[in-house]
Amino acid sequence: MSKDVQPSAKTSEKLTGLKTTTPKEVAAGLPAVKSSLKHIRSEMPLAKGMKVLNKLNQHDGIDCPGCAWPDPDDERSRLGEYCENGAKAVAEEATSKKLTAKFFQEHSVQQLAELSDYELGKKGRIAEPLILKAGAQHYEAISWKNAFSKIGQQLKSLDNPNEAIFYTSGRTSNEAAFLYQLFVRAYGTNNLPDCSNMCHESSGVALGETLGIGKGSVKLEDFYEAEVILILGQNPGTNHPRMLTALEKAKKNGAKIISVNPIVESGLVSFSHPQKVIALLGGKTTLTDLYLQVKINGDMALIQALTQLLLEEESKNPGQVIDQAFIDNKTQGSEVYIEHIKKKDPNTLAQEAGLTLDQIKAAVNILAPAKKIIACWAMGLTQHKNSVNTIKEVVNLLLLKGSIGKPGAGTCPVRGHSNVQGDRTMGIHERPPQRLLDALQNRYQFDPPTAHGYNVVEAIEAMHAGAAKIFFAMGGNFLSATPDTMFTAEALRKCALTVQVSTKLNRSHLVTGEEAIILPCLARTDIDMIKGTLQFVSVENSMGVVHSSRGQLTPISDQLLSEPEIVTRLAKATLGESSIPWDSYADNYDSIRTDIEQCIPGFDDYNKRVREKGGFYLPNGARENDYKTKTGKAHFTISDTTPIPLQPHEYLMMTVRSHDQFNTTIYGLDDRYRGILNERRVIMMNKKDMQLASLKEGAVVDLYNRYGGVERVAPKFIVVGYNIPQGCVCTYFPEANVLVPIKSKADKSHTPTSKSVVIEIVERAEI
Ligand SMILES: Nc1nc2c(c(=O)[nH]1)N[C@H]1C(S)=C(S)[C@@H](COP(=O)(O)OP(=O)(O)OC[C@H]3O[C@@H](n4cnc5c(=O)[nH]c(N)nc54)[C@H](O)[C@@H]3O)O[C@H]1N2
Ligand SMILES: Nc1nc2c(c(=O)[nH]1)N[C@H]1C(S)=C(S)[C@@H](COP(=O)(O)OP(=O)(O)OC[C@H]3O[C@@H](n4cnc5c(=O)[nH]c(N)nc54)[C@H](O)[C@@H]3O)O[C@H]1N2
Ligand code: SF4
Ligand SMILES: [Mo]
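Reading the values: rules and limits
Residues numbered from 1 in each chain as written. Chains lettered and ligands numbered in written order. Predicted model: local features only at pLDDT ≥ 70, side-chain atom pairs only at ≥ 80, totals over all residues. Heavy atoms only, no water. Helix = DSSP H or I, 4+ residues; strand = E, 2+ residues; numbered from the N terminus. Rg over C-alpha atoms; globule rule 2.2 N^0.38 Å. Buried < 20%, exposed > 50% of the residue type's maximum accessible area, 1.4 Å probe, protein only. Contact = heavy atoms within 4.5 Å. Pairing = 2+ DSSP bridges. Domains from an automatic or database assignment. Buried area = accessible area lost by both parts, 1.4 Å probe. Salt bridge = Lys/Arg side-chain N within 4 Å of Asp/Glu carboxyl O. Polar contact = N/O pair within 3.5 Å; in protein donor to acceptor, adjacent residues only side chain to side chain. Axes fitted to C-alpha atoms, helices over the stretch in contact; angles between N-to-C directions. Phe/Tyr/Trp six-rings, centres within 6.5 Å; stacked < 30°, edge-to-face > 60°. Lys NZ or Arg CZ within 6 Å of the ring centre and 35° of its normal. Near = heavy atom within 4 Å. Areas by Shrake-Rupley, 256 points an atom, 1.4 Å probe, with all protein chains shown as cover. Nonpolar A, V, L, I, M, F, W, Y, C, P; charged D, E, K, R; others polar.

**Focus: the overall build of the protein**
When its secondary structure is counted, the protein shows 31 helices and 33 strands. By the compact-globule yardstick of 27 Å for 767 residues, the protein fits well, its C-alpha radius of gyration being 25 Å. Seen through its principal axes, the protein has C-alpha atoms that stretch 75 × 65 × 55 Å. Relative to its 767 residues, the protein shows a buried fraction of 64%. For the protein, contacts bridging at least 24 residues in sequence account for 80% of all contacts bridging at least 6.

Written out as structure tokens, the structure reads:
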């Protein structure tokens, strides 16, 4: 790109015409069915849409490219095992619109950057490899051969392999992920940042340290046996819609649900099953029994108050509330922990949580008699400075209640991207375990690098400092998903080359290094035929089940390559002669799986078991009540709350997903459940705060963050009065990412603090 004209890195600042309705009280139902059809019809002929939807999440079908929620182990509904947002994900990916070099001839990068993310996504699937040459304004076609040879040359020309960065987004299959990390390590670096660094890294660290496994412990069936389900910082109605089906069944079996969230999310309140609505059997099921509207980041205070009051109950009714036998046999550190918690003042904790003591006692009444508790959480817990400790506090509560390592109980960090968990299992990790490196060494006879690589934030800082010069992304939208958009844009622009393996156009294709290449790949829904043989890939869901995914649609262009083939060809262009059998991997994915089996524990008989109905479960110590920590026990840990100080004119902002998006992919402009329609540049605010700040409904404001003495501004947001605790505000991701400071990260996990951004709000003189 020419240095004098720089396309905008920010999301579009055009306002689109806000309409509001009252937030919905019931999720899904008929509106969900209508919305699914609308999205499918806008992208493809209905027959094509139905063909793919009928195969979504079926045993011999496609793993939904949406979230990582698991499928039932046994029978799958013939009426469809998908939700509204699964249908939207398919519509977006399997669109009949395509983008060839001609489109890019007609539209400069500068012009494309003027479009909103929504408009960019609607342009269609990228249909051939493209290059943006140094100084050019337009992408143009490049052959695959030349693209690989150029990238390979550039990688070879670096002084040190650590000057290259290889990002992964979580949609990549196990097979592609395994090959990718193998290539990157054979090339000589562990610079493998991934979307997990911004997502559930805090869960991985907290669970690894306390329970010896960085993944959740529950299976889907555990939901049907649980007595209490705690849902913290998660909006399943939008982000994991089929979880509502599981919650509905749990409720029918007598479970109580406690939801902890600063805002009242419709999907947590009640649910109307779309299939039952179609069959005219539909009523609604009330899901949450107790809704605790905590302040943003008030969760640790809440849980400490809960455990303290539970201990008090135990002293009144010895042997009734906590599980002493489990604590004695399976844990360590309980005495110090109990002593620590007993010293806390429940009133102070309640105040820090933003709740009354009575509300907390109501939760204690539900939890005290329960012996089987599941704790679910997502980004509302993971994206704060103290996230690792907050999640450890959740573990403390479960340990106290003996609610782990048995049916109906345990940890459930609900994963985001459909294969983010599998990618990690395959070795996409900037801090690889020695066991993996040894296994690679054994199998392939090369010495993998041992020095830790960059995580997402470190990768941005390294590019910014000029220490990294090539950025390669296996999927995702790095620019828009990461914090501090303007800083990240500067970082990417300093690179010599940026390469994106992508399906759809996004802003990361427009804010580039001196040269940029787009490698268009097959997506989940596409048939993957190699030399006349049909291939399939495999993925791991949020509950550790590995299963196959088989594309069903004829690819939109014969110029698309599968991700495994892209990696093998890149590897050959970069590494030349190598002890790794790249050709046989590219020809038949069974050969990749054979080697995964040799290098990664839990994949015995991979090729056989992945072909069995429903796939197979990976081993999980915490599930089996066997803790693979250094001591062989589950660990209680000690933490203290650290309230974030706010000046009178400051607010704590969380950035969330609307109902019409998948991360940076914007499906539409409506957040139907929250009643915010046709506009994404909104800031939800408590009405009393609005009065105090003299801000009227509909006022247009600029948002500022000044962390570390740097002024960050997000202009033109519309104020919407909303049921949210005072001092807290809410905006959408990625519009507000310009405000998330690059240096504000979670302790230990380094996750950007996207859910606790301190901001000021200033009304605009003119709109
Ligand atoms: N349709 C759709 N599905 C998706 C995605 C998508 O964008 N669209 N994204 C996928 C990905 S990658 C992920 S990681 C998941 C994300 O799934 P979620 O974590 O559900 O996503 P968020 O919208 O970030 O919502 C976080 C929730 O936490 C609440 N929250 C924010 N701060 C706090 C806090 O301090 N305490 C508590 N208790 N709650 C808080 C918010 O109000 C919100 O309800 O979804 C996955 N599934
Ligand atoms: N402020 C704020 N920022 C956040 C978050 C937040 O809550 N708040 N959430 C964070 C979280 S949880 C996550 S996971 C990250 C997400 O970060 P990313 O994973 O980087 O972002 P996505 O928007 O999911 O990436 C979408 C792009 O992936 C490409 N793509 C889609 N399918 C495929 C495929 O099959 N193969 C390939 N190669 N490419 C494909 C398309 O080109 C599409 O444009 O964002 C993080 N950023
Ligand atoms: S819950 Fe998630 S995985 Fe299941 S159909 Fe919906 S988006 Fe797809
Ligand atoms: Mo995520």
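**Here we look at the pairing of strand β32 (residues 728-732)**
Burial of β32 is extensive: 5 of the 5 residues sit out of reach of the surface. Residues C728, C730 and Y732 point to one face of β32 and V729 and T731 to the other, with burial holding for every one of them. By the bridge criterion, 2 bridges tie strand β29 (residues 682-685) to β32 in an arrangement that is antiparallel. Paired with M685 across the two strands is V729, which belongs to β32.

**Observations concerning the domain arrangement of the protein**
Domain assignment breaks the protein into domain 1 (36-198 + 420-617), domain 2 (206-413) and domain 3 (650-763). The interface of domain 2 with domain 3 comprises 22 residues on the first partner and 25 residues on the second. Summed over both sides, the interface of domain 2 with domain 3 buries roughly 2000 Å², with 56% coming from carbon and sulfur. At the boundary of domain 2 with domain 3, the tally comes to 3 salt bridges. Note that K385 is salt-bridged to D747, the shortest N-O span being 2.9 Å. Where domain 2 meets domain 3, there are 9 residue pairs in polar contact (both at pLDDT 80 or more).

**Some points on the environment of S270**
Relative to the helices and strands, S270 resides in strand β10 (residues 270-272). Look at S270 and you get buried, because its relative accessible area is 2%. Taking C-alpha positions, S270 is 6.2 Å from A27, a pair spaced 243 residues apart along the chain. The residues touching S270, leaving out its near neighbours within four places in the chain, are E25, V26, A27, K284, T285, T286 and L287. A polar side-chain atom of S270 sits 2.7 Å from the main-chain carbonyl oxygen of E25.

**Looking at the sheet that holds strand β6 (residues 140-141)**
Pairing is mixed in the open sheet, where 6 strands are placed in the order β6-β5-β18-β17-β16-β7. In this open sheet, the two strands that pair with only one neighbour each are β6 and β7 (164-168). Strand direction decides the pairing type here: strand β5 (residues 130-132) and strand β18 (residues 515-520), joined by 3 bridges, are antiparallel. Bridge assignment links L130 to a residue of β18, and that residue is I518. Contacts between helix α8 (residues 174-187) and the sheet are confined to β7 and β16 (470-474), with β7 contributing the most and set at about 170° to the helix.

**Here's the deal with the pairing of strand β8 (residues 228-232)**
Of all 5 residues that make up β8, 5 are buried, and the element is covered over most of its length. Alternating positions in β8 separate into two faces, V228, L230 and L232 on one and I229 and I231 on the other, with burial throughout. The sheet contact formed by β8 and strand β9 (residues 256-260) spans 5 bridges and is parallel. From the neighbouring strand, V228 faces β9, where its bridge partner is K256.

**Focus: the sheet that holds strand β15 (residues 410-413)**
Sheets are built from strands paired through backbone hydrogen bonds, the pairs being either parallel or antiparallel. With respect to topology, 5 strands assemble into an open sheet ordered β12-β9-β8-β14-β15, the strand pairing being parallel. Unpaired on one side and paired on the other, β12 (290-292) and β15 mark the two borders of the sheet. For this sheet the average axis-to-axis angle between neighbouring strands, irrespective of direction, equals 15°. Across 3 bridges, the pairing between β9 and β12 is parallel. Within the sheet, the bridge partner assigned to S259 lies in β12 and is Y291. Across the sheet, helix α9 (residues 201-211) touches β14 (373-377) and β15, and the angle it forms with β15 is around 160°. Along the sheet, helix α12 (residues 243-252) contacts β8, β9 and β14; its crossing angle with β8, the most-contacted strand, is approximately 150°.

**A word on the packing of aromatic side chains**
For the structure shown, the criterion picks out 18 aromatic pairs. Relative to F472, the ring of F166 has its centre 6.0 Å away and its plane inclined at 40°; by these criteria the two rings are tilted. Of the two residues, F166 sits in strand β7 while F472 sits in strand β16, which places them 306 residues apart along the sequence. Overall, F472 belongs to the buried group, its relative accessible area being 1%. With a centroid separation of 5.9 Å and an interplanar angle of 85°, the aromatic rings of F603 and F616 are classed as edge-to-face. Here F616 lies in strand β23 (residues 616-617) and F603 lies in the loop between α29 (589-599) and α30 (606-609), a separation of 13 residues in the sequence. Note on accessibility: F603 and F616 belong to one class, buried. An aromatic cluster is built from F166, Y180, F183, Y187 and F472, whose rings are joined through pairwise contacts. Sitting above the plane of the F536 ring, R550 keeps its charged end 4.3 Å from the centroid.

**A word on the site of ligand 2**
Y167, A481, E563, T664 and N737 are the nearest of the 30 residues found near ligand 2. Between ligand 2 and R171, the relevant distance is 3.0 Å, taken from a nitrogen atom to a side-chain nitrogen or oxygen of the residue. The contact in question runs from an oxygen atom of ligand 2 to an N or O atom on the side chain of K755, over 3.0 Å. Protein chains bury 96% of the 920 Å² of accessible surface belonging to ligand 2 in isolation. Among the residues making up the shell around ligand 2, the classes are represented as 10 nonpolar, 15 polar and 5 charged. Counting only domains with at least three residues in the shell around ligand 2, you end up with domain 1 (36-198 + 420-617) and domain 3 (650-763).

**Regarding the pattern of salt bridges**
Counted under the stated rule, the structure contains 50 salt bridges. Through salt bridges with shared partners, a single ionic network connects E43, E92, K97, K122 and K504.

**Points about the side chain of N477**
On the secondary structure map, N477 appears in the loop between β16 and α25 (478-481). With relative accessibility at 5%, the residue N477 sits in the buried group.

**A closer look at unusual backbone geometry**
Note that the residue after F733, namely P734, is joined by a cis bond; omega there is 5°. Topologically, P734 is positioned in the loop between β32 and β33 (757-763). You will see that N57, though not glycine, has its phi angle at about 60°, which is positive. Note that N57 resides in the loop between α2 (46-54) and α3 (84-93).

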